[in-house]
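Here are the chains, one letter per residue:
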Amino acid sequence: MRDWTATSFLQSSGTFWECFTLHAALELDLFTPLAAGPLRVEELAARTSCSLRGTGMMVTALCALELLRRTEDGACALTPFARQYLCRDSRDYLGYIVEHHRRLAPYWLDLARAVQAGHSLRRQDTAPTDDRESFLMGMRNVANAQAHRSVPHIDVGGRSRLLDLGGATGAYAVRFCREHPGMTATVFDLPSSRPYAAKVLAGEGMQERITFVAGDFTRDELPAGHDIAWLSQILHSLDPATAALVVRKAGQALVDGGLLLIQEFTLDDQGTGPVHPALFSLNMLLQTPGGQAYSQGELAAFMRDAGAENVRVLPLDLPQGCKVLAGEIRRRPGAQGA
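Residues numbered from 1 in each chain as written. Predicted model: local features only at pLDDT ≥ 70, side-chain atom pairs only at ≥ 80, totals over all residues. Heavy atoms only, no water.

Help me out: how do you make sense of the side chain of Ser 232 in this one?
Secondary-structure assignment places Ser 232 in strand β6 (residues 226-232). You can call Ser 232 buried: its relative accessible area is 11%. A distance of 2.7 Å separates polar atoms of two side chains, one belonging to Ser 232 and the other to Gln 263. Setting aside residues no more than four positions away along its own chain, Ser 232 makes contact with Tyr 172 and Gln 263. (Helix = DSSP H or I, 4+ residues; strand = E, 2+ residues; numbered from the N terminus. Buried < 20%, exposed > 50% of the residue type's maximum accessible area, 1.4 Å probe, protein only. Polar contact = N/O pair within 3.5 Å; in protein donor to acceptor, adjacent residues only side chain to side chain. Contact = heavy atoms within 4.5 Å.)

And the structure:
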């Protein structure tokens, strides 16, 4: 239980200082020039087209946050974490998700008005813009960081035909296929995701095993004949009726005995948390027409309505209140997908 005091409350109220510092440092790309070695503040300012005064203050802040360090002669250098995750040419670069967070910040300033209105105040846009790229590649950042904690520990029972619904660039499909050499996968997502998925799948050498199919899973028919459906972090963007519909469609896309898997930031059934899913639900209020975080009971009800049996929460150690629910689809005689 959190022990609130006036001091801790004010510290939480001011945490945007730290997050905005991280956002600005990556927007300015202050870390990449240091990949070749330490630089004096004057040199870093010149290479990033920033003022000497502002760069000096930022370097001090990043040293305080232990993302940069000072050398003996006063130059600034990368920490091991910054070298691995914050330089643009790194395979593990996290800047895409940070850019996505930075683009969300103005909408959070309107949270009070959104709560009053009960809906998002932003215009929805899924065109392949820079914002779409930061979102999709940012989701890949998140998936790559988390997939190793979930996918290797999910028993698929010998199943080998995966439907990654709303799979964006296919990060989870790639991990499933690497864990199971005989597996093939279909990533089903919006047409605007195709070029980013193609780039990622080619880079992973998975274009022969993973197929991208373009469509809108809320409207279009899903490709059938799969024996696993993976719905990772897509239901929270939908209102309850549409979320239930999508889970039913996923169930219909599975063969009899197919494994239905849902991964979400999951609220408890008492409506008291955890913190991340609760705050994420507010993010959905700001960003989507009717999305929200769902409770474990609500997700399980969606799955049972789709024909899943033995619905359970898998014993996985996942961060931020994330859970994976599993259930087997039992097809009634004469039903679609059998």
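Text resumes after the structure shown.
Help me understand unusual backbone geometry in this model?
The bulk of non-glycine residues show a negative phi, and the bulk of peptide bonds are trans. A cis amide bond, omega 0 degrees, links Gly 273 with the succeeding residue Pro 274. In this fold, Pro 274 is placed in the loop between β7 (254-267) and α12 (275-287). Located in the positive-phi region is Ala 168, a residue other than glycine, with phi close to 55 degrees. Its location among the elements puts Ala 168 in the loop between β3 (161-165) and α9 (171-179).

Can you walk me through the nonpolar core in this structure?
It is characteristic of soluble globular proteins that their nonpolar side chains tend to be buried jointly. Ile 154, Leu 162, Phe 176, Ile 210, Trp 230, Leu 261 and Val 324 are the most contacted members of the largest nonpolar core, which has 33 residues in total. Those residues in contact with Leu 261 that lie beyond four places of it in its chain are Ile 154, Phe 176, Ile 228, Ala 229, Trp 230, Leu 231, Leu 314, Val 324, Leu 325 and Ala 326. Grouped together as the second largest cluster of nonpolar side chains are 29 residues, Phe 217, Ala 229, Val 246 and Ile 262 included. (Core = buried A, V, L, I, M, F, W, Y, C linked by side-chain atoms within 4.5 Å.)

Mind showing me how you'd approach the packing of helix α2 (residues 16-27) against helix α6 (residues 95-108) here?
Two measures define how a pair of helices packs: the angle their axes make with one another and the distance between the axes. It is at 9 Å that the axes of α2 and α6 come closest, and there the two elements cross at 120 degrees. Considering the angle they form, α2 stands oblique to α6. The chirality of how α2 crosses α6 is left-handed. Here α2 contributes Phe 20, Leu 22, His 23, Leu 26 and Glu 27 to the contact with α6, which in turn contributes Gly 95, Val 98, His 101, Arg 102 and Ala 105. Here the residues of the contact of α2 with α6 sort into five nonpolar, three polar and two charged. (Axes fitted to C-alpha atoms, helices over the stretch in contact; angles between N-to-C directions. Parallel < 35°, antiparallel > 145°, perpendicular 65-115°, else oblique. Left-handed = near helix turned anticlockwise from the far one by under 90°. Nonpolar A, V, L, I, M, F, W, Y, C, P; charged D, E, K, R; others polar.)

Looking at this model, I keep getting lost on the pattern of salt bridges. Mind explaining?
Side chains that differ in sign of charge can pair as their charged atoms come close. In the structure shown here, the tally under the stated rule is 14 salt bridges. Between Arg 102 and Glu 27 there is a salt bridge whose closest N-O contact spans 3.6 Å. Here Arg 102, found in helix α6, pairs with Glu 27, found in helix α2; they are 75 residues apart in sequence, far enough to count as distant. For Arg 102, a relative accessible area of 27% gives the class partly exposed. Glu 27 gets classed as partly exposed once you look at its relative accessible area, which sits at 45%. When the shortest N-O distance is used, the salt bridge between Arg 113 and Asp 110 registers 3.2 Å. The class of Arg 113 is partly exposed, set by a relative accessible area of 47%. You can call Asp 110 partly exposed: its relative accessible area is 28%. Connected through shared salt-bridge partners, Glu 27, Glu 99, Arg 102 and Arg 103 make up one network. (Salt bridge = Lys/Arg side-chain N within 4 Å of Asp/Glu carboxyl O.)

How should the pairing of β6 be read in this particular structure?
Of all seven residues in β6, seven are buried, a share of seventy percent or more. Note: β6 against β7, six bridges, orientation parallel. Note that in β7 the partner of His 226 across the bridge is Leu 254. Where the polypeptide runs from β6 across helix α11 (residues 240-252) and back to β7, its parallel neighbour, the crossover connection is right-handed. (Pairing = 2+ DSSP bridges. Right-handed = clockwise from strand over helix to strand, strands pointing away.)

Scope: geometric values only; no functional claims are made or implied.
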